[in-house]
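Chains, contacts and geometry: an overview
Given next are the chains, with one letter for each unit.
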Amino acid sequence: MRLRKKKNAPARFARCADYTVKTEELPENFYRYFSPEKPLELEIGSGKGRFIVTLAEQNPEKQFIAVERVFDCLVMAMEKAKGKELENIRFFCLDAGGLQEFFPRECADVIYLNFSDPWPKSRYAKRRLTHRRMVAAYLPLLKKEGKICFKTDNRPLFDFSVAEFRALGFRLEELTYDLHSTGAPNIMTEYEERFSAMGVPINRFVAYPTEQTWRLLAAKA
Ligand SMILES: C[S@@+](CC[C@H](N)C(=O)[O-])C[C@H]1O[C@@H](n2cnc3c(N)ncnc32)[C@H](O)[C@@H]1O
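Thresholds applied
- Residues numbered from 1 in each chain as written.
- Predicted model: local features only at pLDDT ≥ 70, side-chain atom pairs only at ≥ 80, totals over all residues.
- Helix = DSSP H or I, 4+ residues; strand = E, 2+ residues; numbered from the N terminus.
- Rg over C-alpha atoms; globule rule 2.2 N^0.38 Å.
- Buried ≥ 20, exposed ≤ 12 C-beta atoms within 10 Å, placed from the backbone.
- Expected span 1.5 Å × (residues − 1).
- Arc of directions from axis to C-beta.
- Core = buried A, V, L, I, M, F, W, Y, C linked by C-beta atoms within 7 Å.
- Contact = placed C-beta atoms within 7 Å.
- Pairing = 2+ DSSP bridges.
- Axes fitted to C-alpha atoms, helices over the stretch in contact; angles between N-to-C directions.

Helix and strand counts for the chain come out as nine helices and seven strands. Scaling as 2.2 N^0.38, a compact globule of 221 residues should have a C-alpha radius of gyration of about 17 Å, and the chain matches this with 17 Å. For the chain, the C-alpha atoms occupy an extent of roughly 45 × 40 × 35 Å along the three principal directions. Taken over 221 residues, the chain has a buried fraction of 36%.

Have a look at this one:
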């Protein structure tokens, strides 16, 4: 995501400090901030946050975590939540590859990957959030009966991700190459709005890990 560096981002972040948790406190104090009784949903690569903030606003009974590695984007997302005075969402400036260090195993009911960076050159394939190496890094956070929802405008990335998730034994449901024509409930992300306005169809699947998935990933660990 191209974004002009914001000089005042640290001060803006400080004004939204209630919307994060110091990483030094994690994972030990995770359940001081999140209830184990309530559903918890996590977006990785949340960008400017419209999707996850809207989802949190629409579902006050659930808890939400947004992970984004670009600080300036994260700050903009935090400000959206603060503007709506939401109490059920927290934001973390972290890389997907290191999430196990900060979040407990099996804490999330749903993981969302929306318009993940495609890394089109094959030498960078391992950086794709749907590459098996990345999936192995964040899957331990998902509850055994949880699901991963993935959508993208990028057809080559989508085809790669379908193959990768199938190879990992996931059961894919609601697979579509034109999400907006299905009439399924949908919250548009910033990227989604931009690409669909240009007439690009949106691909989506929902992936459920199976026994085979957990066996394969345990063998790789
Ligand atoms: C193409 S943007 C999409 C943003 C947003 N999800 C949307 O649909 O509007 C991808 C976002 O994922 C973030 N991202 C990419 N790789 C990441 C990683 N390994 N860990 C955390 N965030 C990542 C990028 O910084 C960027 O903000």
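Here the narrative resumes, following the displayed structure.
What follows concerns helix 6 (residues 155-167). In this model helix 6 runs 18 Å from its N-terminal to its C-terminal C-alpha over 13 residues, within 8% of the 18 Å that 1.5 Å per residue would give. Among all positions of helix 6, only Leu157, Phe158, Ser161 and Phe165 are buried. Seen from one end, helix 6 has its buried residues packed into an arc of 95°, which puts them on one side. Away from the buried face of helix 6 by more than 90 degrees, exposed residues Pro156, Asp159, Ala163, Arg166 and Ala167 are located.

This part covers the nonpolar core. Residues Ala77, Ile111 and Tyr138 are the most contacted members of the largest nonpolar core, which totals 46 residues. In terms of residue count, the dominant contributor to this core is helix 4 (residues 71-83) (seven residues). With sequence-adjacent residues up to four places away left out, Ala77 is seen in contact with Ser46, Lys48, Gly49, Val53, Ala66, Glu68 and Phe91.

Strands sit in the order 3-2-1-4-5-7-6 across an open sheet of seven strands; the sheet is mixed. The two strands at the open ends of the sheet, each matched to only one other strand, are strand 3 (89-92) and strand 6 (171-176). The mean angle between the axes of side-by-side strands here comes to 15°, regardless of whether they run parallel or antiparallel. Helix 6 rests against strand 5 (142-152), strand 6 and strand 7 (203-208) of the sheet, and its axis sits at about 15° to strand 7.

Once that is clear, we can look at the pairing of strand 7. Where strand 5 and strand 7 come together, five bridges link them in antiparallel fashion. Within the sheet, the bridge partner assigned to Phe150 lies in strand 7 and is Phe205. One ladder, built from four bridges, connects strand 6 with strand 7; its direction is antiparallel. Bridging across to strand 7, Thr176 finds its partner in Arg204.

Next up on the list: helix 4. Over its 13 residues, helix 4 runs 18 Å from end to end, which matches the ideal 18 Å to within 8%, given 1.5 Å per residue. Restricting attention to buried positions, one finds in helix 4 the residues Cys73, Leu74, Val75, Met76, Ala77, Met78, Lys80 and Ala81. Elements that come into contact with the buried residues of helix 4 comprise helix 1 (9-15), helix 3 (50-58), strand 2 (63-67) and strand 3. Glu85 sits one or two residues past helix 4 and shows a positive phi near 55°.

Function cannot be read off these values alone, since they describe shape.
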